[in-house]
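Inside the fold
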Amino acid sequence: GRMDEALVELKRAVELDPRLPGARKLLGTVLKDKGYLDDAIIQFKNAITLEPKDAELRVLLGYTYLEKGNREEAIKEFSRAIKLKPKEGRFQMALGQAFLQEGEYEKAVHHLEKAIKLEPTLAEAHMLLGEVCLAIRKLNDSTEELKEAIRLDPFRASWYTLLGSVYFTKGLYGEAVKEYMESLRVDPGQAEPHLLIGRAYTTMGLFDEAIGEYQKALELDPNSPEVHMHLAALYRRLGRIVEADAE
């Protein structure tokens with residue numbers, strides 16, 4: 001497709017003039033989007049050699065490392081970008097995200113709060129802060145951050161699912177179901193919210209409704225071991241052993 005054509009043209013541009021940082025940056029971005037992470041890293045590094053003060057390049061390289069699971073290198077690159085542009089909220093957010101993935105929650109909170117202070121409308125920073133707060137069991141803070149993220153960007157299905165999981169953790173199962181349903185309204189093709197609604201209904205003692213949700217999840221994802229396990233456990237609990245064994 002068009003992405004392959006772009007790849008060919010950009011490779012040609014780099015071959016014709018290897019000292020074009022812009023072409024290398026674009027080539028790296030296309031390679032990253034296509035999943036060629038090692039090749040993307042090479043292009044970003046070469047571009048940085050040509051343009052060492054380009055903070056955006058550092059962030060692109062950092063995100064590529066993050067995708068590869070190399071959080072240590074990602075943290076280094078995001079930190080370098082922040083040194084070049086300390087007032088850029090997106091860069092603080094990127095560093096916060098890397099620390100979240102690393103399980104360094106205190107540092108994650110520090111950088112995500114900084115990001116929000118610099119750019120209060122950065123929806124993703126609110127979402128990530130909500131995720132950190134859930135991990136450290138600050139459930140009320142988590143709820144507030146996720147609500148703000150959704151207010152700023154109401155079209156991210158997974159954010160409703162995350163908010164639902166915060167309510168579930170708080171024992172507010174009805175509220176959790178509402179958020180899981182919102183997630184399905186935004187993106188009806190997901191199996192996970194049906195599984196989570198089923199789990200909430202089971203906890204609420206609404207067993208027939210729970211079975212219905214697990215079955216909807218299996219229609220969308222027939223090979224999900226988790227859904228089969230939950231459905232089998234529920235059948236067993238209800239004494240429906242034959243059906244349980246079939247799962």
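Residues numbered from 1 in each chain as written. Predicted model: local features only at pLDDT ≥ 70, side-chain atom pairs only at ≥ 80, totals over all residues. Heavy atoms only, no water.

Moving on, we get to the packing of aromatic side chains. Tallied over the full model, the rule gives two aromatic pairs. Their ring planes at 65° and their centres at 5.1 Å tell us that Tyr-63 and Phe-78 sit as a pair that is edge-to-face. With Tyr-63 in helix α4 (residues 55–68) and Phe-78 in helix α5 (residues 71–84), the pair connects residues that are 15 residues apart, well separated along the chain. By relative accessible area, Phe-78 is classed as buried at 0%. (Phe/Tyr/Trp six-rings, centres within 6.5 Å; stacked < 30°, edge-to-face > 60°. Helix = DSSP H or I, 4+ residues; strand = E, 2+ residues; numbered from the N terminus. Buried < 20%, exposed > 50% of the residue type's maximum accessible area, 1.4 Å probe, protein only.)

All right, on to the packing of helix α12 (residues 192–204) against helix α13 (residues 207–220) then. Their axes nearest at 8 Å, the elements α12 and α13 cross at an angle of 165°. With respect to α13, the axis of α12 lies roughly antiparallel. Relative to α13, the crossing made by α12 is left-handed. Between α12, through His-194, Leu-195, Ile-197, Gly-198, Arg-199, Tyr-201 and Thr-202, and α13, the contact on the second element is made entirely by Phe-207, Glu-209, Ala-210, Glu-213, Tyr-214, Lys-216, Ala-217 and Leu-220. Of the residues belonging to the contact of α12 with α13, the class tally is eight nonpolar, three polar and four charged. (Axes fitted to C-alpha atoms, helices over the stretch in contact; angles between N-to-C directions. Parallel < 35°, antiparallel > 145°, perpendicular 65-115°, else oblique. Left-handed = near helix turned anticlockwise from the far one by under 90°. Contact = heavy atoms within 4.5 Å. Nonpolar A, V, L, I, M, F, W, Y, C, P; charged D, E, K, R; others polar.)

Our focus in this paragraph is the nonpolar core. If you look at the biggest cluster of nonpolar residues, it comprises 76 residues, and the most contacted ones within it are Phe-78, Met-93, Met-127 and Tyr-214. For this core, the element with the most residues is helix α8 (residues 123–135), which contributes eight residues. The residues touching Tyr-214, leaving out its near neighbours within four places in the chain, are Leu-195, Gly-198, Arg-199, Thr-202, Val-227, His-230, Leu-231 and Leu-234. (Core = buried A, V, L, I, M, F, W, Y, C linked by side-chain atoms within 4.5 Å.)

Time to look at the packing of helix α3 (residues 37–50) against α4. It is at 10 Å that the axes of α3 and α4 come closest, and there the two elements cross at 155°. Comparing their axes, α4 and α3 come out roughly antiparallel. Taken as a pair, α3 and α4 cross one another with a handedness that is left-handed. On the side of α3, the interface is formed by Leu-37, Asp-38, Ala-40, Ile-41, Phe-44, Lys-45, Ala-47 and Ile-48, while α4 contributes Leu-57, Arg-58, Leu-60, Leu-61, Thr-64, Tyr-65, Glu-67 and Lys-68. Taken together, the residues that form the contact of α3 with α4 break down as 10 nonpolar, one polar and five charged.

Residue Arg-137 is not a glycine yet carries a positive backbone phi of 60°. Mapped onto the elements, Arg-137 comes out in the loop between α8 and α9 (139–152). Owing to a relative accessible area of 54%, Arg-137 belongs among the exposed residues under this scheme.

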